[in-house]
Amino acid sequence: MNSATNSGRALPRAGRALPRAGRALPWALVTPALGWTLLFFVLPFVAMGFSSLTAHDGGGFTLANYGQFFTNPAYWQAMVNSLQVTVIVTVISVLLAYPFAWILAEQVPERWQRLALMLAVLPFWTSYVVRSYSWLLVLAQNGVINRALTGSGLFSEPLQLANTRLATVIGFVHFFVMLLTLTIFANLKQLSPSYRKAAADLGAGPVRTFLHVVLPLTFPGIMVGAFLTFVLCIGDYITPQILGGNNELLMPQLVMMQIGRRGDFPLASALSIILMAVVTIAYPACARWLKIERA
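Predicted model only: the values in this text are computed from it and were never measured.

Draft legend 1. The packing of aromatic side chains, seen in detail. Tallied over the entire structure, the rule returns 12 aromatic pairs. The interplanar angle of 75° and the centroid separation of 5.3 Å between the aromatic rings of Tyr128 and Phe175 together place this pair among those described as edge-to-face. Residue Tyr128 is found in helix 5 (residues 128-139), and its partner Phe175 is found in helix 7 (residues 165-190); the two are separated by 47 residues along the sequence. What makes Phe175 buried here is its relative accessible area of 13%. What links up through ring pairs into an aromatic cluster is the set Tyr128, Phe172, Phe175 and Phe176.

Here you go:
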């Protein structure tokens, strides 16, 4: 009788121990990721924030580094150039990626879709630097495009395609179209065919079905891809440096210029934080649309 009572009393204690272990398991699983984020993102960001508030000559705390951005027209122009290039790349990439994703999801047979996706992501298999230099060779005065244009008689002289904003946009679009295609394709594949059937039963034609049913339901995929394109494009240094040829100053190049030429790490830190602030401001716009779609 006593042994039964003792065992009955032991069961609730074990039952109370299980929830504690269950609560500790998720923290144990996320601890490596939290430690990695703290070590390689939070701490460097805090250090960069302190650096942005110090003077270049090693003086005390100051806001002069941020003041230079707001008072120097060249710094403002670099931000404007970055925003213009990023918006142009994002818009063109969305306009090209959506039809491509639609063809892959709706027109390509199911058994060939994996192969088509593999071919679509081939640009990701090549080094980013190699792709940029490849486009530089294609757009050069003696490149394939200029040779075709002059050989066909359309132009008597080669066009200045390389070392321009156009070259930078082309290099960016070549990469980000594939990224957007993947996000939009995933949304299209998750879309149930019953929505289109219901729209057809209610008398909606293909155009109205697309505008009022398919497009709103796939808009989250567009916004996710567009935001990723915005973030990666506005902070990219390699493509504008190689294809732009330093003819147009963008924010990443301005930051690297402060480090490489002047050794002004405080000013470079301030400019980097301002660039991150712009990206942070862009996020609520995308999140707002995603929230509406989820609701």
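Draft legend 2. Fine view of a nonpolar patch on the surface. On the surface, Trp36, Leu38, Leu39, Phe40, Phe41, Val42, Leu43, Phe45, Val46, Phe50, Phe61 and Met276 cluster together into a nonpolar patch covering about 1200 Å² of accessible area. Element by element, the count of residues in the nonpolar patch is highest for helix 1 (residues 2-52), at 10 residues. Note on placement: Trp36 falls in helix 1. Since its relative accessible area comes to 59%, Trp36 is described here as exposed.

Draft legend 3. Structural detail: the environment of Thr280. Relative to the elements of secondary structure, Thr280 occurs in helix 12 (residues 265-294). Each C-alpha atom, one on Thr280 and one on Val231, is 9.4 Å from the other, the two residues being 49 residues apart in sequence.

Draft legend 4. How the structure looks around the pattern of salt bridges. With the rule as written, the count across this model stands at four salt bridges. Salt-bridge contacts for Glu110 lead to Lys189; the nearest nitrogen and oxygen are separated by 3.2 Å. Of this pair, Glu110 sits in helix 4 (residues 110-120) while Lys189 sits in helix 7; the two residues are 79 residues apart in sequence, bridging distant segments of the chain. Accessibility expressed as a relative area gives 35% for Lys189, which makes it partly exposed. A salt bridge links Arg165 to Glu248, with the shortest nitrogen-to-oxygen separation between them at 2.5 Å. Of this pair, Arg165 sits in helix 7 while Glu248 sits in the loop between helix 10 (238-243) and helix 11 (251-262), and the two are 83 residues apart along the sequence. Of the residues examined, Glu248 reaches a relative accessible area of 25% and is grouped as partly exposed.

Draft legend 5. How the structure looks around the layout of surface pockets. Of the voids in this model, the largest pocket is the one considered here, and its volume is about 240 Å³. What lines the largest pocket is a set of 13 residues, among which Thr90, Met223, Ala226, Phe227 and Cys286 lie closest to the centre. Those elements giving two or more residues to the lining of the largest pocket turn out to be helix 3 (73-107), helix 9 (206-234) and helix 12. Split by residue class, the lining of the largest pocket holds 12 nonpolar, one polar and no charged. When its volume is computed, the second largest pocket comes out at roughly 170 Å³. Every residue along the wall of the second largest pocket is listed here: Met48, Gly235, Pro252, Val255, Met256, Ile259, Ala268, Ser269, Ser272, Leu275 and Met276.

Draft legend 6. Geometry of unusual backbone geometry. Even without being glycine, Asn163 reaches a positive phi, approximately 60°. Its location among the elements puts Asn163 in the loop between helix 6 (144-151) and helix 7.

Draft legend 7. Quick look at the nonpolar core. Core analysis: the biggest nonpolar cluster contains 31 residues, and Val89, Phe172, Phe176, Ile184 and Leu188 have the highest contact counts within it. Among the elements of the structure, helix 3, helix 4, helix 7 and helix 9 are those that each provide at least two residues to this core. Among the elements that line this core, the one with the most residues is helix 7, at 12 residues. Setting aside chain neighbours within four positions, we find Ile184 in contact with Ala97, Tyr98, Ala101, Gly221 and Ile222. Of all hydrophobic cores here, the second largest spans 20 residues; its members include Tyr66, Val255, Ile274 and Val279.

Analysis parameters
- Residues numbered from 1 in each chain as written.
- Predicted model: local features only at pLDDT ≥ 70, side-chain atom pairs only at ≥ 80, totals over all residues.
- Heavy atoms only, no water.
- Phe/Tyr/Trp six-rings, centres within 6.5 Å; stacked < 30°, edge-to-face > 60°.
- Helix = DSSP H or I, 4+ residues; strand = E, 2+ residues; numbered from the N terminus.
- Buried < 20%, exposed > 50% of the residue type's maximum accessible area, 1.4 Å probe, protein only.
- Patch = residues over 30% accessible without salt bridge, like charges linked within 9 Å, V, L, I, M, F, W, Y side chains within 5 Å.
- Areas by Shrake-Rupley, 256 points an atom, 1.4 Å probe, with all protein chains shown as cover.
- Salt bridge = Lys/Arg side-chain N within 4 Å of Asp/Glu carboxyl O.
- 1 Å grid on protein atoms, 1.4 Å probe; cavity = no way out; pocket = protein on both sides within 12 Å on 5 of 7 lines; lining within 4 Å.
- Points joined across faces, edges and corners; volume = space filled by probe spheres on them.
- Nonpolar A, V, L, I, M, F, W, Y, C, P; charged D, E, K, R; others polar.
- Core = buried A, V, L, I, M, F, W, Y, C linked by side-chain atoms within 4.5 Å.
- Contact = heavy atoms within 4.5 Å.

Read these as layout, nothing more, since geometry by itself doesn't imply function.
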